[in-house]
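Take a look at the letters that make up each chain.
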Amino acid sequence: MEWDNKALLKLDEAYAQKNKALNARIFISYGSNEYAPFRDPIIQYQKYLAAKKYQGLELQNYVMEGLDHTGVKGDGYVRGLMWVWKPKKPTGPSGLERGFTGAK
């Protein structure tokens, strides 16, 4: 929430004045060993956003245990993309699986 003079908070406050719904899937994460002045505002923003209770918002807060700022990128990107794209995942076998097994 501290980044760029609380830009995220200001943006959300302006949005919330006119909207009760936020149709989105948001993934917010941090490493448990992150530098506290960086980690703590993320935790505050996670709590703030969850408390807003926007209609349609699917929020996943994730703590990467034992990781710091330099170690969170890979896990955070993968888990974040999996969360955001989860509703778009096709049902049934993937094209690769169908190619290898002949499944339909």
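First, a word on scope: everything that follows refers to the structure included in this document. (Residues numbered from 1 in each chain as written. Predicted model: local features only at pLDDT ≥ 70, side-chain atom pairs only at ≥ 80, totals over all residues. Heavy atoms only, no water.)

## Here's the deal with the side chain of Arg39
Here is step 1 of the chain: Residue placement: Arg39 occurs in helix H2 (residues 36-52).
Here is step 2 of the chain: Sequence-distant contacts of Arg39, defined by excluding residues within four places in its chain, comprise Tyr30, Gly31, Ser32 and Glu34. (Helix = DSSP H or I, 4+ residues; strand = E, 2+ residues; numbered from the N terminus. Contact = heavy atoms within 4.5 Å.)

## Overview of the side chain of Asp12
Here is step 1 of the chain: If you trace the backbone, Asp12 turns up in helix H1 (residues 3-16).
Here is step 2 of the chain: Accessibility expressed as a relative area gives 7% for Asp12, which makes it buried.
Here is step 3 of the chain: Separated by 2.6 Å, the side chains of Asp12 and Tyr48 make a polar contact.
Here is step 4 of the chain: If near-sequence neighbours (up to four positions away) are discounted, Asp12 is found in contact with Tyr45, Tyr48, Leu49, Lys52 and Tyr54. (Buried < 20%, exposed > 50% of the residue type's maximum accessible area, 1.4 Å probe, protein only. Polar contact = N/O pair within 3.5 Å; in protein donor to acceptor, adjacent residues only side chain to side chain.)

## Remarks on H1
Here is step 1 of the chain: The end-to-end C-alpha separation of H1 is 19 Å, in line with the 20 Å expected for 14 residues at 1.5 Å each.
Here is step 2 of the chain: Of all the bends in H1, the largest measures some 30 degrees and sits at Lys10. (Expected span 1.5 Å × (residues − 1). Bend = angle between axes of the 7 residues up to and from the residue.)

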